[in-house]
Amino acid sequence: MTIPEPSEQGGRARQDGGTPNAPAAASAGLRVLIVDDHSIFRSGLRAELDAGISVLGEAATVDAAIAKVIALQPRVVLLDVHLPGGRGGGGAEVIREAAQRAPHTLFLALSVSDAADDVVSVIRAGARGYITKSASGAEVSDAARRVAGGDAVFSPRLAGFVLDAFGAVAGETAETTEELDRLSVRETEVMRLIARGYSYKEVASTLFIAAKTVETHVSAVLRKLQLSSRHELTAWALARKLL
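For clarity, every value in this text was computed on a predicted model and none was experimentally measured.

1. Observations regarding the sheet that holds strand β4 (residues 106-111)
The strands that make up a sheet pair up through hydrogen bonds in the backbone, lying either parallel or antiparallel.
Phase 1: Read across the sheet, six strands follow the order β2-β1-β3-β4-β5-β6 without closing on themselves; strand pairing throughout is parallel. If you trace the sheet from one side to the other, it starts and ends with β2 (53-59) and β6 (153-154), each paired once.
Phase 2: Bridge count for strand β3 (residues 76-79) against β4 is four bridges, and the pairing is parallel. When the bridges of β4 are listed, Leu78 appears paired with Leu108.
Phase 3: Across the sheet, helix α5 (residues 137-148) lies against β1 (30-35), β2, β3, β4, β5 (129-132) and β6, angled at about 155 degrees from β4, the strand it touches most.

See the structure below:
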């Protein structure tokens, strides 16, 4: 990734403050937070993101990242995997600690590492994608938009790690079908939307049902699939190519 001259780094103003009520609140563009412990990389990435990306701020440690995700409520966090601070969990710890208090925020891992363990750890935590730092600014911008739109995004050679880690290999189609057969048609509809990052209110609006009914369906889905959280549900659906 090209490192900009200092004169280029001030090209995009920060828009700190103002918590959006929903993903669509990003009227000034797609709102992102950059989390990386190398300031020169943060500056370079900020300068190379396209004009439709609004950078709310930056963070360099686990603790700072958690605080800024909660305070700024970005739509997408561009998240390094290896970060100092916290309890040593890096990017995965940021996701686990911040996600419940930033329900509309999605996480895209952006790391120099392409090790299987690193990829799997952040996906298990709830990241919606993982790309390497060799990606161009245009590619990162596109990946961030795709994640914001509900897609799962991976650098091509990393997708296999995810599928292998979650057992989504040939021969397990029957198991997936059996698991889905446990759900009613409505529960399956709710499951797909929740796994894509929709809030209860958004699911209710999409399916024309009450938010309380959505909550009931989610509880039933988690119980039937033996999962404990919506983040596990996202990983489960992603591994089975249901999103």
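2. Let's talk about helix α3 (residues 90-98)
Phase 1: Of all the nine residues making up α3, seven are buried; the element is thus mostly covered by neighbouring parts of the structure.
Phase 2: All of the buried residues along α3 are Gly90, Gly91, Ala92, Glu93, Val94, Ile95 and Ala98.

3. Describing the pattern of salt bridges
Phase 1: Counted by the stated rule, this structure contains 10 salt bridges.
Phase 2: Close ionic contact of Asp36 with Lys133 constitutes a salt bridge, the shortest N to O distance being 2.5 Å. Pair noted here: Asp36 is in the loop between β1 and α1 (39-48) and Lys133 is in the loop between β5 and α5, with a separation of 97 residues, a long-range link.
Phase 3: Take Lys133: its relative accessible area is 15%, and that puts it in the buried class.
Phase 4: A salt bridge links Glu187 to Lys224, with the shortest nitrogen-to-oxygen separation between them at 2.9 Å. With a gap of 37 residues between them, Glu187 in helix α8 (residues 185-195) and Lys224 in helix α10 (residues 211-225) connect regions that are remote in the sequence.
Phase 5: Accessibility expressed as a relative area gives 27% for Lys224, which makes it partly exposed.
Phase 6: Three or more residues joined by partner-sharing salt bridges are found here, namely Asp36, Asp80 and Lys133.

4. Here we look at the nonpolar core
Phase 1: Grouped together as the largest cluster of nonpolar side chains are 29 residues, with contacts concentrated most on Val35, Leu79, Val94, Phe107 and Val122.
Phase 2: The set of elements that each furnish at least two residues to this core consists of β1, β2, α2 (62-72), β3, α3, β4 and α4 (116-125).
Phase 3: When residues in this core are grouped by element, the largest group, five residues, is from α2.
Phase 4: Apart from residues no more than four positions distant in its own chain, Leu79 is found in contact with Val35, Gly91, Val94, Ile95, Phe107, Leu108, Ala109 and Leu110.

5. So, the packing of α8 against helix α11 (residues 230-239)
Phase 1: It is the contact of α8 with α11, at a shortest axis distance of 8 Å, that shows an interaxial angle of 100 degrees. Relative to α11, α8 is oriented roughly perpendicular. Residues Met191, Ile194 and Ala195 of α8 form the contact with α11, whose participating residues are Arg230, Leu233, Thr234, Trp236 and Ala237.
Phase 2: Looking at side-chain class alone, the contact of α8 with α11 contains six nonpolar, one polar and one charged residues.

6. Observations concerning the UniProt feature "modified residue: 4-aspartylphosphate" (unreviewed entry) in the protein chain
Phase 1: Taken from the UniProt record, the annotation "modified residue: 4-aspartylphosphate" (unreviewed entry) applies to Asp80.
Phase 2: Relative to the elements of secondary structure, Asp80 occurs in the loop between β3 and α3.
Phase 3: Assessed through its relative accessible area of 5%, Asp80 is described here as buried.

Scoring rules and cut-offs
Residues numbered from 1 in each chain as written. Predicted model: local features only at pLDDT ≥ 70, side-chain atom pairs only at ≥ 80, totals over all residues. Heavy atoms only, no water. Pairing = 2+ DSSP bridges. Helix = DSSP H or I, 4+ residues; strand = E, 2+ residues; numbered from the N terminus. Contact = heavy atoms within 4.5 Å. Axes fitted to C-alpha atoms, helices over the stretch in contact; angles between N-to-C directions. Buried < 20%, exposed > 50% of the residue type's maximum accessible area, 1.4 Å probe, protein only. Salt bridge = Lys/Arg side-chain N within 4 Å of Asp/Glu carboxyl O. Core = buried A, V, L, I, M, F, W, Y, C linked by side-chain atoms within 4.5 Å. Parallel < 35°, antiparallel > 145°, perpendicular 65-115°, else oblique. Nonpolar A, V, L, I, M, F, W, Y, C, P; charged D, E, K, R; others polar. UniProt positions renumbered as here; feature names shortened; annotations may be inferred.

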